[in-house]
Amino acid sequence: ASLICRPPRHSYDVSELGPSRFRMDGKLFCREDIRLTNSRGHNLQCSHYHRESDEDTGYEQEPSPCVVYLHGNCGSRVDADEVVEGLLDRGLAVFSLDFSGCGLSDGEYVSLGYFEQDDLITALKHLQQDPMTTAVGVWGRSMGSVAALMVGGSADYKEAVGCLVVDSPY
């Protein structure tokens, strides 16, 4: 049972997330690392990737849709690296987080989706306040997909989540 509630925690260095500013196909992007606090008082370490204003090309940042990427029970926000480039290339921002009890966030245990839905709600509330976010989709893997289904299926958040991608829910 301890391997389920306390699977091996993915520890990493923030440098594994890559540079905070980078170019793809001549476009400038950034990763903003932020800390949010969930309703249980746990600090959540998060990253928000988006296109950035660029003096070199004259591009001014515009509001865009955002995909919240939710990792599995042995994962962390580093797992979003698999999808960040493809989503940014399609004009979408990406928001990833370490669930409570995972990665660099506070907390000791995971609940396989139940308490993780609170972490997703914390991220959604943050993005609802962001004037550069026009709509939100959620992409969850394993434990993250369970949290996505629990929140996305809730009448309280049906307006906040425009679409769900659920990979391997149990």
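Above: the structure in question.
Residues numbered from 1 in each chain as written. Predicted model: local features only at pLDDT ≥ 70, side-chain atom pairs only at ≥ 80, totals over all residues. Heavy atoms only, no water.

## Some details on the side chain of Asp130
- The topology assignment puts Asp130 in the loop between α3 (116-128) and β6 (133-141).
- Reaching out from Asp130, the side chain makes a polar contact with the side chain of Thr133 at a distance of 3.0 Å. (Helix = DSSP H or I, 4+ residues; strand = E, 2+ residues; numbered from the N terminus. Polar contact = N/O pair within 3.5 Å; in protein donor to acceptor, adjacent residues only side chain to side chain.)

## Section: the sheet that holds β6
- Here seven strands make up an open sheet; going across it, the order is β1-β2-β3-β5-β4-β6-β7 and the pairing mixed. Single-partner strands in this sheet number two, and they are β1 (21-24) and β7 (163-167). In this sheet, neighbouring strand axes are inclined to one another by 25° on average, regardless of whether the strands run parallel or antiparallel.
- Two elements, strand β3 (residues 43-51) and strand β5 (residues 93-97), share four bridges in a ladder whose sense is antiparallel. Along β5, the bridge assignment pairs Tyr49 with Val94. (Pairing = 2+ DSSP bridges. Axes fitted to C-alpha atoms, helices over the stretch in contact; angles between N-to-C directions.)

## Things to note about the packing of α3 against helix α4 (residues 143-152)
- Running from amino to carboxyl end, α3 crosses α4 at an angle of 65°, the nearest separation of the two axes being 8 Å. Our classification of the angle between α3 and α4 gives roughly perpendicular. Once α3 is placed against α4, the crossing between them reads as right-handed. Across the interface between the two elements, Glu116, Gln117, Leu120, Ile121 and Leu124 from α3 touch Met143, Ala147, Ala148, Met150 and Val151 from α4.
- Of the residues contributing to the contact of α3 with α4, the split by class is eight nonpolar, one polar and one charged. (Parallel < 35°, antiparallel > 145°, perpendicular 65-115°, else oblique. Left-handed = near helix turned anticlockwise from the far one by under 90°. Contact = heavy atoms within 4.5 Å. Nonpolar A, V, L, I, M, F, W, Y, C, P; charged D, E, K, R; others polar.)

## Focus on α4
- Most of α4 sits inside the fold, with seven of its 10 residues counted as buried.
- Here α4 has its buried residues at Met143, Gly144, Ser145, Val146, Ala147, Ala148 and Val151.
- Elements in contact with the buried residues of α4: β4 (64-70), α3, β6 and β7. (Buried < 20%, exposed > 50% of the residue type's maximum accessible area, 1.4 Å probe, protein only.)

## Digging into α3
- The end-to-end C-alpha separation of α3 is 19 Å, in line with the 18 Å expected for 13 residues at 1.5 Å each.
- Burial analysis of α3 places 10 of its 13 residues in the buried class, which makes it a mostly covered element.
- All of the buried residues along α3 are Glu116, Gln117, Asp118, Asp119, Leu120, Ile121, Thr122, Ala123, Leu124 and Leu127.
- If you follow the buried residues of α3, they end up packed against β2 (27-37), β3, β4, β5, β6 and α4. (Expected span 1.5 Å × (residues − 1).)

By themselves, these figures tell us nothing about what the structure is for.
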